[in-house]
Amino acid sequence: MITYEKSYDVIIVGAGHAGCEAALASAKMGASTLLLTSNLDNIAHMSCNPAVGGLGKGHMVKEMDALGGEMGKNIDATGIQFRVLNTSKGPAVRASRAQADKFLYKKRMKWVLENTPNLEIKQAFADQLGLEKGQVTGVLSSLGIFFPARAVVLTTGTFLNGLAHIGENNFACGRAGDAAALKLSGSLAQLGFEIGRLKTGTCPRVDGRTIDFAGLEEQAGDSPPQKFSFSNNRIELPQLPCHITYTNEGVHQAIRAGIHRSPMYSGKIEGVGPRYCPSIEDKVMRFPQKDRHQLFLEPEGLETREVYVNGLSTSLPIDIQLAFLKQIPGLEKAEIMRAGYAIEYDYVPPTQLYPWLETKKVAYLFHAGQINGTSGYEEAAGQGLMAGINAVLRLRGEEPLVLSRSQAYIGVLIDDLVTQGTAGEPYRMFTSRAEHRLLLREDNADLRLRDLGRSLGLVSDQDYELFLQKKKDIQKLQEALETLKIVPKEAINQRLRSQGWTEIEQPMTLAEWLRRPELKVEDILSLKPELSGLLESISLEARDQVEIQIKYEGYIRRQQDEIHRLEKMQGLKIPIDFVYQGLPGLSAEVVEKLEKIRPQSLDQASRISGVTPAALSVLAMYLRKRELAKAV
């Protein structure tokens, strides 16, 4: 073994979406950072579908951007189709999604990493962690070089003992084309970590030249496309359509006929797959009443003919994949360029982490991404950003950053993981997981988190100036709408009638008038043409923000009041070294769970399965006694 001549503050293991955000956060906060990856050419590789965002996921990308992360900027620079989902619904559940040119996506991210001060990148597998007195000391690579570090962040994706399956065939890999990490998982087990096994899968890629698009439904992006990042960037790449097709009974028959050769149904796969992104064979077998399943044909880039068949994740043998593919409308003559496959991998159940993603067993060791049992690029990247931030804060001796459930979807994600675990299956974010969705909208992510990102040193001067201007615009427009009034004169009501709007019977401010669901900020000009100059000087983002805040003011205030009540009731902090053993009124089962999770507050303890309201009351009583004793 050779000890490397240089020591680092933070080492990031893995350069997927979690590793990239962790490395950038660490380096931008001034820590000397090393990013270790098994393949320099596959940094930020999109091994599954070539897209960013979606329900719940798009919210997290916006939050990362507000904090100073890179994913939002990267997709804006490399996206080839942008859509806002759920536009007919309320603002809380609207979500952005974009198709990426996956080759440009990883190329640009690699360029960003290589040009970030304080950050070095090296190609090598991590085989083992260094440990001294319960604290991580560095990483031993497969090259026999030990890289010393004061903190380590593991973002290993699906590489830990990764095993891919295509029918009866299986082979070790981290993903198709990359070798698996075969030693690190054993090293973690030797350190006393519980290790679990999960499974995920991917869809076939087909040659676009062999697809008959003529009879398929075209799905165009939004025009103009709406960007992810709050920064002053533009979407400049050409935009491409996707297409929609469906499975049918012929597809289902081919799958049922070959199901005995599926590794999922033959017992070859041990890991549990994602409930909310099942394979096509799972859909067919579990939902026999459905006569078709929707598929999306997604282009993988501007300079490739590869098309990703989203919704067709499978690990069936290649001959069956060919057979059922040719039953799908538009794909009758399609040629497979890359077969679909399933992959099993080790993960470390995240209840072994503190809420700032540091492991409980080894100090200064952090986990982020699929090693924690999550699925999806966005979930991984959000954890990576937080782990990178907290690794540096830990080294500085400062308080860790823990986002609350009412502050960010990233806070919901991490709290779910460290409190409840993954329930034995890959965790996926949905808007329904958040109790305070109306406060955690995409449009206000910068208002929630931009100042925090700035205080950490992650937000540039230019981006922060843009944010301050937006806040000024919002305040200026709000003040005007809450001050200016309209009165029920005949001239005013005549204008209202001419637009098909209800007349007014008493004076009201423009803000009160705007609360009507059918109205928009621009409609004010029909009553107050003199405001045209003000509206022209204010960004569309600021206008939308004012409109949402006015229309939903009552609901927003109600959720904020609810949060304040919960904070008063359950805001009691629990010290890390709190002794649960021997407390009268706590059962052995409750004590065991509290000892394992080590909740940081009574609120977090309330979400642990099996911790009863009675146990919470007992715990609250002892915590208050402890506080009183300290005060005396």
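My aim in this report is to walk through the structure given alongside it, one point at a time. (Residues numbered from 1 in each chain as written. Predicted model: local features only at pLDDT ≥ 70, side-chain atom pairs only at ≥ 80, totals over all residues. Heavy atoms only, no water.)

### Focus on the packing of aromatic side chains
This model, assessed by the stated rule, comprises 7 aromatic pairs. When the centroid spacing of 6.4 Å and the interplanar angle of 10° are considered together, the rings of Tyr4 and Tyr8 count as stacked. Relative accessible area serves as the criterion here: at 23%, Tyr4 is assigned to the partly exposed category. Pairwise contacts between aromatic rings join Tyr4, Tyr8 and Phe147 into one cluster. Over the aromatic face of Phe230 sits the side chain of Lys62, whose NZ or CZ is 5.3 Å from the ring centroid. The positively charged end of Arg292 is found above the aromatic ring belonging to Tyr246, 3.7 Å away from the centroid. (Phe/Tyr/Trp six-rings, centres within 6.5 Å; stacked < 30°, edge-to-face > 60°. Buried < 20%, exposed > 50% of the residue type's maximum accessible area, 1.4 Å probe, protein only. Lys NZ or Arg CZ within 6 Å of the ring centre and 35° of its normal.)

### A word on helix H9 (residues 318-325)
What H9 keeps buried is the set Ile320, Gln321, Phe324 and Leu325. Summarising the axial view, the buried residues of H9 lie within an arc of 130°, below the 170-degree limit, and thus occupy one face. Looking at the buried side of H9, the elements it contacts are strand S11 (163-166), strand S14 (205-207), helix H6 (249-258), helix H8 (280-286) and strand S19 (336-338). (Helix = DSSP H or I, 4+ residues; strand = E, 2+ residues; numbered from the N terminus. Arc of directions from axis to C-beta. Contact = heavy atoms within 4.5 Å.)

### Description of the sheet that holds S11
An order of S12-S11-S20-S13 is seen for the 4 strands of this open sheet, with the pairing classed as antiparallel. Of all strands in the sheet, those with a lone pairing partner are strand S12 (169-172) and strand S13 (196-202), marking the two edges. Neighbour-to-neighbour, the strand axes of the sheet open up by a mean angle of 25°, direction not taken into account. As defined by bridge partners, S11 adjoins strand S20 (residues 341-347) across 3 bridges and the pair is classed as antiparallel. Within S20, the position partnered with Ala164 by the bridge is Ile343. (Pairing = 2+ DSSP bridges. Axes fitted to C-alpha atoms, helices over the stretch in contact; angles between N-to-C directions.)

### Topic: the side chain of Thr374
If you trace the backbone, Thr374 turns up in the loop between strand S21 (365-367) and helix H10 (377-396). For Thr374, a relative accessible area of 0% puts it in the buried group. Polar side-chain contacts of Thr374 include one of 3.1 Å to the backbone oxygen of Gly369. In terms of polar contacts, Thr374 uses its side chain to reach the side chain of Gln383, at 3.1 Å. Dropping the residues within four chain positions of it, Thr374 is found in contact with Tyr345, Gly369, Glu379, Gln383, Leu413, Leu417 and Tyr427. (Polar contact = N/O pair within 3.5 Å; in protein donor to acceptor, adjacent residues only side chain to side chain.)

### Remarks on the nonpolar core
Ile11, Leu113 and Val152 are the most contacted members of the largest nonpolar core, which has 97 residues in total. Take this core: its biggest share by element is 11 residues, from H10. Beyond its immediate chain neighbours, meaning those up to four positions away, Val152 contacts Ile11, Val13, Leu129, Val136, Gly138, Val139, Tyr364, Leu365 and Phe366. In terms of nonpolar packing, the next biggest core, distinct from the first, is built from 25 residues, Leu481, Val521, Ile524 and Val546 among them. (Core = buried A, V, L, I, M, F, W, Y, C linked by side-chain atoms within 4.5 Å.)

### Here we look at the pairing of strand S6 (residues 95-100)
Here S6 lies mainly inside the structure; 6 of its 6 residues are buried. Side chains Ala95, Arg97 and Gln99 project from S6 onto one buried face, and the interleaved Ser96, Ala98 and Ala100 project onto a second face that is buried too. Relative to S6, strand S4 (residues 51-53) runs antiparallel, the two being bridged by 3 bridges. From the neighbouring strand, Gly53 faces S6, where its bridge partner is Arg97. Direction of pairing for strand S5 (residues 79-85) relative to S6: antiparallel, over a ladder of 6 bridges. Within the sheet, the bridge partner assigned to Leu85 lies in S6 and is Ala95.

### Some remarks on unusual backbone geometry
Comment: phi is negative for the bulk of residues other than glycine, and the bulk of peptide bonds are trans. Cis geometry is adopted by the peptide bond preceding Pro224, which originates at Ser223 and carries an omega value of 0°. Relative to the elements of secondary structure, Pro224 occurs in the loop between strand S15 (217-219) and strand S16 (242-246). Residue Leu357 is not a glycine yet carries a positive backbone phi of 75°. Within the fold, Leu357 resides in the loop between S20 and S21.

### Overview of helix H12 (residues 445-455)
Along H12, the positions that sit buried rather than exposed are Ala445, Asp446, Arg448, Leu449, Arg450 and Gly453. Tucked inside the fold, the buried residues of H12 contact helix H2 (57-67) and helix H13 (461-483). Of the residues one or two after H12, Gly457 is the one with positive phi, at around 85°.

### Some thoughts on the layout of surface pockets
If you roll a probe as big as a water molecule over the atoms, it shows you where there is empty space left. Its volume calculated, the second largest pocket comes out at about 1,400 Å³. What lines the second largest pocket is a set of 45 residues, among which Gln226, Asp443, Leu540, Glu541 and Asp544 lie closest to the centre. Counting residues per element, the ones that place at least two in the lining of the second largest pocket are H12, H13 and helix H17 (540-551). Among the elements that line the lining of the second largest pocket, the one with the most residues is H17, at 8 residues. When grouped by side-chain class, the residues that make up the lining of the second largest pocket number 15 nonpolar, 10 polar and 20 charged. (1 Å grid on protein atoms, 1.4 Å probe; cavity = no way out; pocket = protein on both sides within 12 Å on 5 of 7 lines; lining within 4 Å. Points joined across faces, edges and corners; volume = space filled by probe spheres on them. Nonpolar A, V, L, I, M, F, W, Y, C, P; charged D, E, K, R; others polar.)

### Focus on empty space enclosed by the protein
Throughout the structure, instances matching the rule amount to 2 cavities of 30 Å³ or more. Here the largest cavity is characterised by a volume of approximately 40 Å³. What lines the largest cavity is simply Lys199, Thr200, Gly201, Pro274, Cys277, Pro278, Ser279 and Ser313. Split by residue class, the lining of the largest cavity holds 3 nonpolar, 4 polar and 1 charged. As a volume, the second largest cavity reaches approximately 30 Å³. Along its surface, the second largest cavity is lined by Glu21, Leu24, Ala25, Lys28, Gly68, Gly69, Glu70 and Leu385. At 4 residues, helix H1 (residues 17-28) tops the list of elements feeding residues into the lining of the second largest cavity. Grouping the amino acids of the lining of the second largest cavity by side-chain chemistry returns 3 nonpolar, 2 polar and 3 charged.

### A few points about the packing of H2 against H10
Geometry of a packed helix pair, given as the angle between the helix axes and the separation of the axes. Relative to each other, H2 and H10 sit at 25°, their axes nearing to 9 Å. Between H2 and H10, the interaxial angle falls into the category roughly parallel. Between H2 and H10 the crossing geometry is left-handed. Each of Lys57, Met60, Val61, Met64 and Leu67 in H2 lies in contact with H10, whose residues at this interface are Glu378, Glu379, Ala381, Gly382, Leu385 and Met386. Looking at the contact of H2 with H10 residue by residue, the class counts come to 7 nonpolar, 1 polar and 3 charged. (Parallel < 35°, antiparallel > 145°, perpendicular 65-115°, else oblique. Left-handed = near helix turned anticlockwise from the far one by under 90°.)

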